[in-house]
Amino acid sequence: GLSHVLTLVLQELSLLCKRDVNGIGVLYDLLRSRWLQALLKIYECLQHYLGKRPAPLTLQAGALTREVVELLREAPQSGEIRELRRLLRAPHLKAALLSAHDTVAQKDFEPTLPPLPDNIPENEEAMRIVCLVKNNQPLGATIKRHEITGDITVARVIHGGLADRSGLLYAGDKLVEVNGVPVEGLEPEQVISIL
């Protein structure tokens, strides 16, 4: 793979290095560096994984589990069958593990944005649609009502917070809609509750 190509390049460069061609020594040292070698190995491992990542056997593990529990209810009862039914009906298995499996298997964990309207006037201000997934962490931005216009705006983006790391929100940005809810006429406290 890539490591083999790099080895061949290094062999060629070592020959040029011996002839003292301008800049070849620097390039040779760079390509021999441990950090680049490690980075290339990581890249090759990721490429290998992407090529062989396992595909889910079913997209509906939760539904399949419910079906199995129903079949087990009709089967002749034994200690093992009762234990299996109890395990399959356990909330941590149903709600957490199987739900997470089905979400990942269906690849529906990415947020979806509504389509842009077709009838946007040419003289309309530019608008950005920003999608931030919070995962129980604070947004890392404060909002306020603009003194003159009354618009809800981003007052401050806190360094290191989600908004700052995303690079999508800036102080002074006007909020038009949050989670599909128009914010015009709302108080900042109401907008915060939507966030």
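Quantities reported herein were computed from a predicted structural model and do not represent experimental measurements.

Analysis parameters
Residues numbered from 1 in each chain as written. Predicted model: local features only at pLDDT ≥ 70, side-chain atom pairs only at ≥ 80, totals over all residues. Heavy atoms only, no water. Salt bridge = Lys/Arg side-chain N within 4 Å of Asp/Glu carboxyl O. Buried < 20%, exposed > 50% of the residue type's maximum accessible area, 1.4 Å probe, protein only. Patch = residues over 30% accessible without salt bridge, like charges linked within 9 Å, V, L, I, M, F, W, Y side chains within 5 Å. Areas by Shrake-Rupley, 256 points an atom, 1.4 Å probe, with all protein chains shown as cover. Helix = DSSP H or I, 4+ residues; strand = E, 2+ residues; numbered from the N terminus.

Draft legend 1. Structural detail: the pattern of salt bridges. Under the counting rule described, the total for this entry stands at five salt bridges. The shortest N-O distance in the salt bridge between Lys144 and Glu147 comes to 4.0 Å. In this structure Lys144 comes out as partly exposed when scored by relative accessible area, which is 36%. Given the relative accessible area of 64%, Glu147 is considered exposed.

Draft legend 2. Region of the structure containing a nonpolar patch on the surface. A cluster of nonpolar residues, Leu27, Leu30, Trp35 and Leu39, forms a patch on the protein surface that exposes about 400 Å² of accessible area. Of all the secondary structure elements, the ones that give two or more residues to the nonpolar patch are helix H2 (24-32) and helix H3 (34-52). Of note, Leu30 is situated in helix H2. Residue classification places Leu30 among the partly exposed residues on the basis of a relative accessible area of 40%.

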